[in-house]
Structure formats: structure tokens, C-alpha cells
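# Observations on the three-dimensional arrangement
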Protein chains: 2
Amino acid sequence: VAPAQRTSGRSVTSKVVALLDAFTPTEPVLSLNELAAATGLTTSTAHRLANELVEWGGLERGENGGYRIGLRMWEIGALAPRGENLRAVALPVMQDLYEATQASVHLAVRDGTEAFYIEKIHGPRAPRVRSRRGGRLPLHATGVGKVLLAHAPPEVQAAVLADLPRITAYTVTQPGLLRRQLARAVRDGYATTTEEMSLGACSVAVPVRSGPRVVAALGIVVPSLRKDRPRLVAALQVSARGVGRRLGATG
Amino acid sequence: VAPAQRTSGRSVTSKVVALLDAFTPTEPVLSLNELAAATGLTTSTAHRLANELVEWGGLERGENGGYRIGLRMWEIGALAPRGENLRAVALPVMQDLYEATQASVHLAVRDGTEAFYIEKIHGPRAPRVRSRRGGRLPLHATGVGKVLLAHAPPEVQAAVLADLPRITAYTVTQPGLLRRQLARAVRDGYATTTEEMSLGACSVAVPVRSGPRVVAALGIVVPSLRKDRPRLVAALQVSARGVGRRLGATG
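Conventions used here
Residues numbered from 1 in each chain as written. Chains lettered and ligands numbered in written order. Predicted model: local features only at pLDDT ≥ 70, side-chain atom pairs only at ≥ 80, totals over all residues. Heavy atoms only, no water. Helix = DSSP H or I, 4+ residues; strand = E, 2+ residues; numbered from the N terminus. Buried < 20%, exposed > 50% of the residue type's maximum accessible area, 1.4 Å probe, protein only. Contact = heavy atoms within 4.5 Å. Areas by Shrake-Rupley, 256 points an atom, 1.4 Å probe, with all protein chains shown as cover. Pairing = 2+ DSSP bridges. Phe/Tyr/Trp six-rings, centres within 6.5 Å; stacked < 30°, edge-to-face > 60°. Lys NZ or Arg CZ within 6 Å of the ring centre and 35° of its normal. Axes fitted to C-alpha atoms, helices over the stretch in contact; angles between N-to-C directions. pLDDT = per-residue confidence, 0-100. Arc of directions from axis to C-beta. Buried area = accessible area lost by both parts, 1.4 Å probe. Salt bridge = Lys/Arg side-chain N within 4 Å of Asp/Glu carboxyl O. Nonpolar A, V, L, I, M, F, W, Y, C, P; charged D, E, K, R; others polar. Expected span 1.5 Å × (residues − 1). Bend = angle between axes of the 7 residues up to and from the residue. Least-squares fit on C-alpha atoms with pLDDT ≥ 70 in both.

It is worth spelling out the overall build of chain A at this point. The number of helices and strands found in chain A is 10 helices and 9 strands. Along the first, second and third principal axes, the C-alpha atoms of chain A reach 60 × 40 × 35 Å. Burial status across chain A gives 53% buried among its 251 residues. Restricting the contact set of chain A to residue pairs at least 6 apart, pairs at least 24 apart contribute 52%. In the structure as shown, chain A presents an accessible area of about 11,500 Å², 51% of it carried by carbon and sulfur atoms.

Turning our eyes to something else, we now look at the sheet that holds strand S3 (residues 67-69) of chain B. All names here are of chain B. Taken in spatial order, the 3 strands line up as S1-S3-S2 in an open sheet, and their pairing is antiparallel. Only two strands of the sheet have a single neighbouring strand rather than two, namely strand S1 (29-30) and strand S2 (59-61). Relative to S3, S2 is paired through 3 bridges, and the arrangement is antiparallel. Across the sheet, residue glutamate 60 finds its bridge partner in S3, namely arginine 68.

Counted according to the given criterion, the structure contains 2 aromatic pairs over all chains. Ring centres of A:Phe116 and B:Trp74 lie 6.2 Å apart, and the angle between their planes is 65°; this geometry places the pair in the edge-to-face category. One end of the pair, A:Phe116, is in strand S5 (residues 114-121); the other, B:Trp74, is in helix H5 (residues 71-77), on a second chain. An identical accessibility class is assigned to A:Phe116 and B:Trp74; each is buried. Positioned above the aromatic ring of A:Tyr67, the side-chain terminus of A:Arg61 is 4.2 Å from the ring centre.

Another point: the sheet that holds strand S4 (residues 104-111) of chain B. Residues and elements named next belong to chain B. Within the open sheet, the 6 strands sit side by side as S6-S5-S4-S9-S8-S7. Their pairing is antiparallel. The sheet is open, and its two edges are formed by strand S6 (136-138) and strand S7 (191-194), each paired on a single side. With strand direction ignored, the average angle separating the axes of adjacent strands in the sheet is 35°. One ladder, built from 3 bridges, connects strand S5 (residues 114-121) with S6; its direction is antiparallel. Its bridge partner lying in S6, glutamate 114 is registered against proline 138.

The next point concerns the confidence of the model for chain A. Residues and elements named next belong to chain A. Summary statistics for chain A give a mean pLDDT of 91 and a share of 95% for residues scoring 70 or more. Scored below 50 in pLDDT, residues 1-7 shows 4 contacts in the model against residues more than four places distant or in partner chains. The ipTM, which scores confidence in the relative placement of chains, is 0.82 for this predicted complex, and the corresponding pTM is 0.80.

Residues and elements named next belong to chain A. Of the residues making up helix H3 (residues 32-39), those classed as buried are Leu35, Ala36 and Thr39. Viewed end-on, H3 has its buried residues packed into an arc of 95°, placing them on one side of the element. Exposed side chains of H3 directed beyond 90 degrees from the buried face belong to Asn33, Ala37 and Ala38. Packed against the buried residues of H3 are helix H2 (12-21), strand S1 (29-30), helix H4 (43-56) and strand S3 (67-69). Once H3 finishes, glycine 40 follows within two positions and takes phi at roughly 75°, a positive value.

A few words on the interface of chain A and chain B. The partner chain B presents 43 residues to the 43 residues of chain A that form the contact. Interface area for chain A against chain B, summed over the two sides, is near 3,900 Å², with a carbon-plus-sulfur share of 66%. Interface area lost by chain A to chain B is led by A:Leu71, A:Trp74 and A:Leu79, which between them contribute 19%. At the boundary of chain A and chain B, one finds 6 salt bridges. Note that B:Glu60 and A:Arg82 form a salt bridge whose closest N and O atoms lie 3.0 Å from each other. Secondary structure elements with two or more residues in the side of chain A that touches chain B: H2, H4, S3, helix H5 (71-77), helix H6 (81-101), strand S4 (104-111) and S5 of chain A. Here the residues of the side of chain A that touches chain B sort into 21 nonpolar, 8 polar and 14 charged.

Glancing now at the pattern of salt bridges. What the rule picks out here adds up to 26 salt bridges over all chains. As a salt-bridge pair, B:Arg187 and B:Asp188 come within 2.9 Å of each other at their nearest N and O atoms. In this structure B:Asp188 comes out as partly exposed when scored by relative accessible area, which is 32%. Where B:Arg231 meets B:Asp228, a salt bridge forms, and the shortest distance between an N and an O atom there is 3.6 Å. In this structure B:Arg231 comes out as partly exposed when scored by relative accessible area, which is 45%. Taken together, the shared-partner salt bridges connect A:Asp21, A:Asp111, A:Glu114, A:Arg136, B:Arg72 and B:Glu75 into one network.

Residue and element names in this part refer to chain B. Between its terminal C-alpha atoms helix H6 (residues 81-101) stretches 28 Å, which fits the 30 Å expected from 21 residues at 1.5 Å a residue. Of all the bends in H6, the greatest, near 40°, is centred on arginine 87. What H6 keeps buried is the set Arg82, Gly83, Glu84, Leu86, Arg87, Val89, Ala90, Val93, Met94, Leu97, Tyr98 and Thr101. Of the residues trailing H6, glutamine 102 is marked for its positive phi of about 60°.

This next bit is on the relation of the copies chain A and chain B. Each copy superposes on the other: chain A lies on chain B with an RMSD of 0.2 Å after a rotation of 179° and an axial shift of 0.1 Å. This pairing of chains is accounted for by a two-fold axis. For chain A, the minimum C-alpha distance to the rotation axis belongs to A:Gly77 and amounts to 2.5 Å. When you check the interface residues of chain A against chain B, 100% turn up at the interface there too, and the contact is symmetric in its surfaces.

Residue and element names in this part refer to chain B. Among the 8 residues that make up S4, 6 are buried, leaving the element largely enclosed by the rest of the structure. Relative to strand S9 (residues 213-222), S4 is paired through 5 bridges, and the arrangement is antiparallel. Paired with leucine 107 across the strands is leucine 218, a residue of S9. Relative to S5, S4 is paired through 7 bridges, and the arrangement is antiparallel. Counterpart to arginine 110 in the pairing with S5 is alanine 115.

This is the structure in C-alpha cells:
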């Protein structure tokens, strides 16, 4: 299929969505030409759809004529139950965890076959890791990811286990070993990683439950788990219960 | 025009937008039938479009099959320069203001011809007012609104001045008087209201500038401005400068 045909065959919804997807933290303001280039739409289609979104409030025009995400998108996005509400409820608990452990603290939810980081507190003495707020990392190589994967539906587990890319020399890439780790995570109530995502960084994570459902994972990253594991697991479990209880109360 | 014709004549963008608009803080989860009823779309159209949005991540299916706003909307909404970034930068300053004054503190931006409240801290001893985070109030009857209107383009001012609904007995409904107040707000650097939106509540507000541009207004609400105005204006101006400087640094 030629590019022009593919473009004209795209649904309008997919074009609207492509326009919104064009905006990123590093490119929050885009000109019409940049929008067209980023989406593969013609300038006239990009112009028409962008102006419909401006009319609605989902996009705004900036001082220099560039487009940017509008207040209406912020307003609607704030309604995502796994977004702002979860973050607001968890943040004070994460701060307490950070004060108590001086470790980096992570809160993630499962987004398809990836861990999506809702919030992160970086400890100044904690090892450098690749997570960032709003970022995604593989489920099989992170502590929060293993917890989320352990509680995911079988079809999600199967999809992830079918492809376990090696990230460091210590990444678990054998499906059988990972399956045993996931079963242990369910049984013991926590999961760990040892330099599987970033060299020099180990992690331990526990599920956050709203009622019986696992809705998120709370984890911390430290240079080593050798001595501190029981203490860290206990702190995480108390914290995760606090988040879960407050989630039940607010939503 | 018959309803069916009107519906079929709507652009796809407007239908997608109507689906997203159907979700509100009080109705964050909607069934397919509720979505169809809220949007005026047929069930099959609502189903097709909602599933396209689920595929993208802008909507999610909940445990009970209901639709809710998805992580992708939260992620994109957080890019709104006048939303999360402004709120995050202003919130500590607003908390300081609240501690210093025990008044309710408001942060608003202009959304068309209305004031949109980005954040609000309600003082326990402050008068009850009608603002709420994420809510909209008229520009001509609120302190933050008068500041935003005073710095709005002439066509916005003309549109607002053409229709000044009376909200209390003290609302300014004469265009000439409001024009003079707006000119004074620009000259003096602050605007006030006296029971113009809510009886028993007075407000004073100042502009928040990012470089030369007025991007928001910061205001406080108190029972009376008679004694405290100079002190409150000084506190607001220091705070607004702090917000503006930090906005320049982050964005």
C-alpha cells in the first residue's frame, strides 16, 4: 500500500489521536508544519482537525501561533482513576517511605505489557536508574513490573514471557525462571530484582490493592538487598496498605 | 433539522470529543448505554469510537465493563502548560500564602470568557465561596477574573462587557464602571471585588506573569478588605513574582 493510500484510509479517530500523540514533554509546542510532519497528515487535514480541537479546548494556540495541549485535556486527563487520584493518594506515603529509607521510591501501574511510572521520588544517595515519572519500562526487568506481571491476566503473562529482552547481563530472560519468580511474588507478597534493569541497582516491590484487585505496585531501589530486605518489605507493605485503604475511601 | 440528521452531520472529531466530554468528576465511569445517552450517538457508533479510544489508551475498560478515562489522557493532559506545570509551581507558594493569611487562596487562568480555577486552598475560617478546583466562574464578578479580563485581548473584553449578568446585588453590571475598574487593575497591579460573586466574601487578586505575559491570576478571599488590603496586596505580589520566576525556570 502506498503511503498516500494508507493515510487516506486512516480513521478520523486515529488522525485526531495522532495529533494529540504528537505532543511530548520535550516538544510541548508544535507549529502546523511540525504537526503535519509528526502525524503524516497533509497540512490542510492537520489544520482542520487541530482547529476543531482548539475550538473544543483540547489544544490551544500559544503566543507564537504554535499549538499546545489545552486546559480541557488536563481537565479530562485528571479524571483517569489510575492517574491523578492514585498519585495524590500515594504521594504522601511515598514521601514517608523515602524519609524512612532514603531509597528511590516508585509507583507504577500496568499499561498493556509495560510498567507505567505514575510517580517517582529519587533518593539523592540512591543508585541511578532508568525510571522516570510518566515513563514506561519492561515488566520483566523491574521490581514493580514483576509484581504487576505476577497479578496480570494469563494472556498478558503469556505475551510478556514470549519475549524477554536482555537489558543487563542479569536480566531474567528464561521464561521458566521468570514464571517461578512470579509464583513466588504472589506467594510471598513481594518481588525483587538484582541489577536486572540497571547495573548497581536492586529493587523490591509490593502490590497496592484496592479491595481484592491489584491496581498498582510500590517499589524501592537500593544498591543492595542483602541486609535490608526484611525491613524494606515490611515498610513497603505497611505503605501499600495505607495507599490501598485511602484509595478505597476516595474512589 | 431532525435529531438523527443532526447527529449524522456531526464531524467525527466532534463525536470523539463528545465521548471524552461525557466523563465528569461525578460520573468517572460510564457504561456503553450511558455513553450513547450522554453523547446522542447511536450505541453502535459510541461502541466503535470508544473502542478506538480504548485501543489508543485514552479510555480504559474497568472491572465491571464500564469505560473510564485512561492513562494516555492523563499523560497528554499533564503536558498542558497552563495545567499541571502551573499548578505544581504555584502550589507551595499558595500554601505559604494561606499560612500567612488564613484566607482562601485561588489560582485561575482565563479560558475564553471565563476564569478557570487551576487550584484552590480553602481557609477554614474563610467565607464560603463558589469557586472549586477545575471549575469556571465569570470574569467580571471575581478578583482573579477581573485581573485576567484586564489583561485580555480587546475582543475578549468586548465580549464580556457586552453581557454582565448580575450575580449578587453588588455585581458590577455597568460596562463603564467595569472598564474603569479594569484600567485601575492594570495601573495599580491588583483588582478587588466586594461581595460581587458571593455575599460576605471580598477578594483581591494580582497577575502572575511569565516574562511580560500575564498567564494566570492569584487571589485571596476574605470577609472584608477594609483594613487588610495593603498587607494582602503585598503578600500576593511577592507570591505571584515567585510563581512567575519559577515558571520561567521550568518552562
